[in-house]
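Each chain, written out:
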Amino acid sequence: MPYNGIGIGIGYGGYAPSSIPSSLPGLLSWYESDFGFTLDGSNNLQSWSDKSGNGFDLTQAVAGSRPARTLSSINGYPAASFVNAGTKFMTATTTFAGGNHSMLIVIKPTGACSVFGGGITMGSNNVSFQTSTIGIQNTNNLWFGGAGSGGGDAGIPSVGSVYVLGKTLTSNVYQIFENGAFTRTQTEGTVVTPLPTTTQLLGMHAVASLNSPIDVAACITYNRPLTSSEMIGVQNYLLAKYT
């Protein structure tokens, strides 16, 4: 439902207009599981339309590499589903020019993880400091780094719980946000430059890597670092919908 212009905090699905991802400048891609799932004959995810209007759809042409679609997985919404050490993924080609950015994802861990698995990734080279990821690492910690960086959170997420995760990158400094709150700063040893700049991955931290056991209901990227208030606003929109 489009914003109706009446009052504050009333309109687009009942959320404040300032918290809607498209209300902020720099929106690169926006995927939500109640919009634009296209399934193949096996009910696997062939494409996921970009809700931003930029046309950066996630796709997978190879049937055997498509993630499963689960019904009512996350607060009644469907999800793209990945298993531990699987090889399913989707890609999108964007106009991202590289460098600073922001990422958000809604995930539900579905089991123990034995690999470094990405949920959403910018860049696809398996080269140190050339990918930027949110996922789960092989110690089952939440992971906010990329190739060449562990960057795990101190806490292990609970299987079956839903998490709204986000980060911003400015040069070599990540700001980490979890479930509507800023949690910490993570400084890398060198400037992070996702390459190829125009590639986004769903389900892996780099091409030919492996999956975390997660269900994914939403992913959003921006071509700039969001402010803390902007990030928390978008996370609150996602929390209200998916938790």
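Residues numbered from 1 in each chain as written. Predicted model: local features only at pLDDT ≥ 70, side-chain atom pairs only at ≥ 80, totals over all residues. Heavy atoms only, no water.

K.L.:
Account for the pattern of salt bridges, naming residues and giving values.
P.N.:
Across all of its chains, the model carries 5 salt bridges by this definition. A salt bridge links E32 to K51; the nearest nitrogen and oxygen atoms lie 3.7 Å apart. On the criterion of sequence distance, the pair formed by E32 in strand β1 (residues 27-32) and K51 in the loop between β3 (45-48) and β4 (58-59) is long-range, its members being 19 residues apart. Residue E32 shares its accessibility class with K51, and that shared class is buried. For E32, the salt bridge is made with K241, and the minimal N-O distance between the two is 2.8 Å. Of the two residues, E32 is situated in strand β1 and K241 in helix α1 (residues 228-242); the sequence distance between them amounts to 209 residues. Overall, E32 belongs to the buried group, its relative accessible area being 0%. (Salt bridge = Lys/Arg side-chain N within 4 Å of Asp/Glu carboxyl O. Helix = DSSP H or I, 4+ residues; strand = E, 2+ residues; numbered from the N terminus. Buried < 20%, exposed > 50% of the residue type's maximum accessible area, 1.4 Å probe, protein only.)

K.L.:
Help me get a handle on the pairing of strand β13 (residues 173-178), residues and values and all.
P.N.:
Here 6 bridges tie strand β12 (residues 163-170) to β13, and the two strands are oriented antiparallel to one another. Looking at the pairing, G166 lines up with F177 of β13. A loop of 2 residues connects β12 with β13, the two strands running antiparallel in sequence, and S171 in this loop sits at a positive phi of about 65°. Where β13 and strand β14 (residues 181-187) come together, 6 bridges link them in antiparallel fashion. (Pairing = 2+ DSSP bridges.)

K.L.:
For the packing of aromatic side chains, give the residues involved together with the corresponding values.
P.N.:
Taken as a whole and assessed by the stated rule, the structure comprises 5 aromatic pairs. When the ring of F37 is compared with that of W48, the centres are 4.9 Å apart and the planes differ by 80°; the resulting orientation is edge-to-face. Highlighted residues: F37 in strand β2 (residues 37-39) and W48 in strand β3, separated in sequence by 11 residues. Judged by its relative accessible area of 0%, W48 is buried. Through successive ring pairs, a cluster of aromatic residues spans Y31, F37 and W48. The ring centre of Y174 lies 4.0 Å from the NZ or CZ of K167, which sits over that ring. (Phe/Tyr/Trp six-rings, centres within 6.5 Å; stacked < 30°, edge-to-face > 60°. Lys NZ or Arg CZ within 6 Å of the ring centre and 35° of its normal.)

K.L.:
Mind laying out the environment of A208, listing which residues take part and the relevant values?
P.N.:
Note on placement: A208 falls in the loop between β15 (199-202) and β16 (214-222). For A208 and M103, which are 105 residues apart along the polypeptide, the C-alpha to C-alpha distance reads 21 Å.

K.L.:
Give a description of the side chain of H205 that names residues and reports values.
P.N.:
Relative to the elements of secondary structure, H205 occurs in the loop between β15 and β16. At a separation of 3.2 Å, a polar atom in the side chain of H205 contacts the main-chain carbonyl oxygen of F116. Ignoring any residue separated from it by four or fewer positions in sequence, one finds H205 in contact with F116, G118, T121, N126, T131, T133, W143 and A147. (Polar contact = N/O pair within 3.5 Å; in protein donor to acceptor, adjacent residues only side chain to side chain. Contact = heavy atoms within 4.5 Å.)

K.L.:
Run through α1, naming residues and quoting values.
P.N.:
Taking 1.5 Å of rise per residue, the 15 residues of α1 would be expected to cover 21 Å, and the 21 Å separating its terminal C-alpha atoms lies within 8% of that figure. Considered for burial, the residues of α1 that qualify are E230, M231, G233, V234, Q235, Y237, L238, L239, K241 and Y242. (Expected span 1.5 Å × (residues − 1).)

K.L.:
Talk me through the pairing of β16; I want residue IDs and the actual numbers.
P.N.:
Burial runs high along β16: 9 of the 9 residues are buried. Sheet topology places β1 next to β16; 5 bridges connect them, and they run antiparallel. Looking at β16, one finds that S29 is bridged to T221. In terms of strand pairing, strand β8 (residues 101-109) meets β16 through 8 bridges, oriented antiparallel. Directly across from I107, in β16, lies its bridge partner V216.

K.L.:
Summarise the nonpolar core; cite the residues concerned and give the values.
P.N.:
Core analysis: the largest hydrophobic core is formed by 33 residues, its most contacted members being W48, I105, I107, L165, L202 and V216. With 21 residues, the next largest nonpolar core counts I20, I74, Y222 and L239 among its residues. (Core = buried A, V, L, I, M, F, W, Y, C linked by side-chain atoms within 4.5 Å.)

K.L.:
Any details on the environment of N141? Residues and values, ideally.
P.N.:
Here N141 is to be found in the loop between β10 (132-136) and β11 (142-143). As a C-alpha pair, N141 and I156 span 15 residues in sequence and 4.6 Å in three-dimensional space. In terms of polar contacts, N141 uses its side chain to reach the side chain of T139, at 2.7 Å.

K.L.:
Kindly report on the side chain of S65, identifying the contributing residues and their values.
P.N.:
Take S65: it is sitting in the loop between β4 and β5 (68-74). Apart from residues no more than four positions distant in its own chain, S65 is found in contact with Q60, T87, K88 and F89.

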